Amino acid sequence: MQKVGLRYATFTGRIICKTGLRIGGSKEELEIGGMDNPIIRDPLSKLPYIPGSSLKGKLRSLLEYKHNRVGLHWDKGQLIQKGGSPCGCGQDECPVCRIFGAHKNMAHNLGPSRLIVRDALLSDKSKKELEPLREGGLEYAEVKTENIINRDKNTAEHPRPMERVPQGTEFDLNLSLRILNGDNEPKMKEYINEAINLIQKDYLGGSGTRGYGWVQIEGDWD
Ligand SMILES: [Zn+2]
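This text gives an overview of the structure that appears in the document. (Residues numbered from 1 in each chain as written. Predicted model: local features only at pLDDT ≥ 70, side-chain atom pairs only at ≥ 80, totals over all residues.)

**Here's the deal with unusual backbone geometry**
So, point 1. Within the chain, Asn 68 stands out as a residue other than glycine whose phi angle is a positive 55 degrees.
So, point 2. Within the secondary structure layout, Asn 68 lies in the loop between α1 (52-66) and β3 (72-75).
So, point 3. Note on Asn 68: 10 C-beta atoms within 10 Å, which makes it exposed. (Helix = DSSP H or I, 4+ residues; strand = E, 2+ residues; numbered from the N terminus. Buried ≥ 20, exposed ≤ 12 C-beta atoms within 10 Å, placed from the backbone.)

**A short note on the pairing of β3**
So, point 1. In terms of strand pairing, β3 meets strand β4 (residues 78-81) through four bridges, oriented antiparallel. For Trp 74, the partnering residue across the bridge sits in β4 and is Leu 79.
So, point 2. As consecutive antiparallel partners, β3 and β4 are separated by two residues, and within that stretch Lys 76 has a phi angle of approximately 50 degrees, a positive value. (Pairing = 2+ DSSP bridges.)

**A word on helix α3 (residues 124-135)**
So, point 1. End to end, α3 covers 17 Å across twelve residues, agreeing with the expected 16 Å (1.5 Å per residue, within 8%).
So, point 2. In the stretch just after α3, Gly 137 is the one whose phi turns positive, near 85 degrees. (Expected span 1.5 Å × (residues − 1).)

**Focus on helix α4 (residues 185-201)**
So, point 1. When the terminal C-alpha atoms of α4 are compared, their 25 Å separation across 17 residues agrees well with the 24 Å that a helix rising 1.5 Å per residue should span.
So, point 2. Looking only at α4, the buried set comprises Tyr 191, Ile 192, Ala 195 and Ile 196. Here the buried residues of α4 occupy an arc of 140 degrees about the axis, which is enough to place them on one side. The exposed set on the far side of α4, more than 90 degrees from its buried face, consists of Pro 186, Glu 190 and Lys 201. (Arc of directions from axis to C-beta.)

**Digging into the packing of α1 against α4**
So, point 1. At a minimum axis distance of 9 Å, the contact between α1 and α4 shows a crossing angle of 100 degrees. The orientation of α1 with respect to α4, classified from their angle, is roughly perpendicular. Listed contacts from α4 to Lys 58, Leu 59, Leu 62, Leu 63 and Lys 66 of α1 are Tyr 191, Glu 194, Ala 195, Leu 198 and Ile 199.
So, point 2. The residue makeup of the contact of α1 with α4, split by class, is seven nonpolar, no polar and three charged. (Axes fitted to C-alpha atoms, helices over the stretch in contact; angles between N-to-C directions. Parallel < 35°, antiparallel > 145°, perpendicular 65-115°, else oblique. Contact = placed C-beta atoms within 7 Å. Nonpolar A, V, L, I, M, F, W, Y, C, P; charged D, E, K, R; others polar.)

**A few points about the pairing of strand β1 (residues 7-17)**
So, point 1. One ladder, built from ten bridges, connects β1 with strand β9 (residues 170-179); its direction is antiparallel. Across the sheet, Ile 15 pairs through a bridge with Phe 171, a residue of β9.
So, point 2. With seven bridges joining them, β1 and strand β10 (residues 215-221) adopt antiparallel strand pairing. Note on β10: the bridge partner recorded for Gly 13 is Gly 219.

**Notes on the nonpolar core**
So, point 1. Counting residues in each nonpolar core, the largest one holds 40 residues, and the members touching the most others are Leu 21, Ile 50, Val 96, Cys 97, Ala 120, Phe 171 and Ile 192.
So, point 2. Here this core gets four residues from one element, more than from any other, and that element is α4.
So, point 3. Apart from the residues within four sequence positions on either side, Ile 50 is in contact with Ile 15, Ile 23, Leu 55, Asp 119, Ala 120, Phe 171 and Leu 204. (Core = buried A, V, L, I, M, F, W, Y, C linked by C-beta atoms within 7 Å.)

Function cannot be read off these values alone, since they describe shape.
Quick look at the structure:
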């Protein structure tokens, strides 16, 4: 099939943090006297953001679990399901490979990955709301201390300060979907909408099973 006639559909919306959200930053960016567990920020503006790669990875992995595509790949001419890697089946009917790309599969005939997930930047509203935290030296975030309960003594030990953006923070969401001739546009959008719904039942970022990263996602296709 010839993959010509490129068009784009855009999903515009926002990600609203119903609980504090933590997407870890790299320690290399640490300043002396800074946090041990910083969140990811724009290096110049210091504004927190949600990397497109984190968001795309989460959308993809939830869709793979839902449709039983985790670990699918070709081995000696056989399609097998083993391990925890992303789907690399490259099959026409796969809900994941066409939209997100066939993992480590160079032989498929699906054309380029269709979905482009932009970095989700802090909304103007949240920028204003979190400005007072910046003046307190926190740079648009809060610090939450996590403990481990000692099972013998039933006491809290090893306090670890974790940085996160507070509940109520909003990020602007932008997804761009490439549509080539022969693509089933409604079906692709349906899968992406499904993945967005799954994130809202799951979580974004780290420590989700402990309450972090519960988000609401609003928006629609143009
Ligand atoms: Zn696949």
